[in-house]
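# Remarks on the overall topology
Chain by chain, the residues:
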Amino acid sequence: MMTETPNKVLFTPERLAKSQEMIARYPEGKQKSALLPLLHLLQEQEGWTSPEGMEYVGQLLGIEPIEVFEVATFYTMYHIKPVGKHVIEYCRTGPCCLMGGEEVYAHLKQRLGIDTGQTTVDGQFTLKEVECLAACGMGPVFQVREKYYMNLTNERVDEIIDELSK
Amino acid sequence: MATKILTEHIHVPGIETFDVYRKQGGYTAVEKAVKTMTPETIVEEVKKAGVRGRGGAGFPMGMKWSFLAKPEGVPRYLVCNADESEPGTFKDHYLMKNNPHLLIEGMIVSSFALGANTSFIYVRGELMYVINILEQAIAEAKAKGFLGKNILGSGYDLELVVQPGGGAYICGEETALLESLEGKRGNPRNKPPFPAVKGLYQSPTVVNNVESIATTPWIINNGGDAYAAVGIGRSTGTKLISASGHINKPGVYEIELGLPVEDFLYADEWCGGIRPGHKFKALVAGGSSVPILPANLALTLANGDKRLMSYESLSEGGFQTGTMLGSGGFIVFDETACIVRNTWNFSRFYHHESCGQCSPCREGTGWMEKVLHRIEYGHGHQQDIDLLVDVARKIEGNTICPLGDAAAWPVASAIRHFRDEFQWHIDHPTEATQPGAVYRGEMALV
């Protein structure tokens, strides 16, 4: 399939250059391999994988929007609905729970005044529960964008929320 | 002093940089491989080493390499599986974050041995910061001539691509990983054809775990026989163990295979024992998928001998009294842990992570989660325990990929060894659902 020129450029010039670099990493004809990396790039810029964004990524790769959407919805990292400024991805899996993960999570929900999947009224925080983040020896753990916050306690959670709220 | 094959230099300040890694003897395996060895001799050394797949399956790596089809004019690929997501496992995360060049060096010599000119490291997307570390290391190696065109003047070309996943446990299964790497949903493929014949882009492909690939520089430098001299029997070499749960010193440890479980759990060099004031109740020795064992069976074999940290010893007794080394995710439970709650937690994980392709797994994982949930929350029926055993049995062996087995084993084993605890939840729902309530009936705590 021919790569169409997108009607509207959505990526910043830096990200557009980076996306072209990513697409070129794969063998000729295998450009669809860049889909997951491009969705990450989209989310990094927009905060979520918006429908227009997914259509745009599809155009960059010469694939149909549905092909992008079916992939984005399979994986847990892509936010297909708008989210708050900080998305807290909290590990709910066994080893973290052994270390008090459920108690700390209850505190976090209380502190933010929201439940799993919700966003605070001021749009600052969205709370998501995720499965194992591969940091089980340092549990409880949550992640905000690329950063891991480990060995969580109620006090530590309060400090982190204060810090992120600034 | 125990042999350290993967972590000898991991605490050297600056080891993540090319220069420090090089000063510690890094990249000598690349020099040796491309200048003095042939791909065939490298494969031979890896075979002699007897190193087994460290992702969990334990399949001999050299044998996997020798299955790679080599049709004329068709590219071959090496893909490193860095989609570490098995609950309890965090060793690849540790290794890549702290010593990225070890993996890069392993990728170069392994790619050379397999005749691959483009190789991939598929890292779970959550570890984006580790991806940045790896990309930095790759750029350094390339600038020094160890990657790219004509490596060290040998005529061998290699490009390394770090690919992020999107968040899906199933992509740790090698054919799902390949689908994902092609930009698709991570649905496992039917086998055959095996990846060695038709893998990435329908070309011959080898998929190896991070830890497996990281052994290759040492094997090339020291020889396969030297590697095989470490460890015990067919469990050669060392293994990274991710230790978590109710122990004094959680973390990643490199052990020589064959170390008694008891030493690993209690000695200060490793886990440092159960946290103060508590007793050892149960162990998941190799990641959430492997059968859980009560304390006594974790430490001792049926004949009274000490159980060892090796593929053979951990599986001694089959599933009746044994378990598996798996990925080395060593999760320790003391007497405060509720086995029912943990089993429900694990089955929620597998339900969430099932790709939905095969009905026994798609339906069965959800069914098990629901039944376990109602037992845990005080609404269990008398027939529920047998129902769980039945559902688990009907998933096992009836799915395209091993996720079905991985979902069934934790449930079946928890019931096998802790049936009274499940029964107590059903018989005493009011008591069992009190905050912090845990079954305190008769069981062998250590």
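The coordinates are above.
First, a word on what this report is: a plain description of the structure on this page. This one's a predicted model, so the numbers in the text were calculated from it and none came from an experiment.

### Quick notes on the environment of Glu163(A)
Along the polypeptide, Glu163(A) turns up in helix 7 (residues 154-165). C-alpha of Glu163(A) to C-alpha of Gln124(A): the two residues are 39 residues apart in sequence and 12 Å apart in space.

### Quick look at the interface of chain A and chain B
Listed per partner, the contact involves 33 residues of chain A and 47 residues of chain B. For the side of chain A that touches chain B, the secondary-structure elements that each account for two or more residues are helix 2 (35-46), helix 4 (65-72) and helix 5 (94-98) of chain A. If one sorts the elements of the side of chain A that touches chain B by residue count, helix 2 of chain A sits on top with five residues. Taken together, the residues that form the side of chain A that touches chain B break down as 19 nonpolar, eight polar and six charged.

### Looking at unusual backbone geometry
Going from Gly139(A) to Pro140(A), the amide bond is cis rather than trans, its omega being -5°. For the bond running from Pro192(B) to Pro193(B), omega is 0°, close enough to zero to count as cis. Despite not being glycine, Gln202(B) shows a phi value in the positive range, around 65°. Examined against the element boundaries, Gln202(B) turns out to sit in the loop between helix 8 (174-181) and strand 4 (205-209).

### Overview of the pairing of strand 8 (residues 251-256) of chain B
As paired elements, strand 7 (residues 238-245) of chain B and strand 8 of chain B share six bridges and run antiparallel to each other. The residue bridging Leu240(B) from the neighbouring strand is Glu254(B), located in strand 8 of chain B.

### Describing the nonpolar core
Most often, soluble globular proteins keep nonpolar side chains buried together rather than apart. All names here are of chain B. In this structure, Val 79 and Ile 121 are the most contacted members of the largest nonpolar core, which totals 181 residues. Ranked by residue count, the leading element in this core is helix 19 (residues 403-427), at 11 residues. Setting aside anything within four residues of it in sequence, one finds Val 79 in contact with Phe 120, Tyr 122, Leu 177, Leu 178, Leu 181, Leu 200, Thr 205 and Val 207.

Cut-off values and rules
- Residues numbered from 1 in each chain as written.
- Chains lettered and ligands numbered in written order.
- Predicted model: local features only at pLDDT ≥ 70, side-chain atom pairs only at ≥ 80, totals over all residues.
- Helix = DSSP H or I, 4+ residues; strand = E, 2+ residues; numbered from the N terminus.
- Contact = placed C-beta atoms within 7 Å.
- Nonpolar A, V, L, I, M, F, W, Y, C, P; charged D, E, K, R; others polar.
- Pairing = 2+ DSSP bridges.
- Core = buried A, V, L, I, M, F, W, Y, C linked by C-beta atoms within 7 Å.
- Buried ≥ 20, exposed ≤ 12 C-beta atoms within 10 Å, placed from the backbone.

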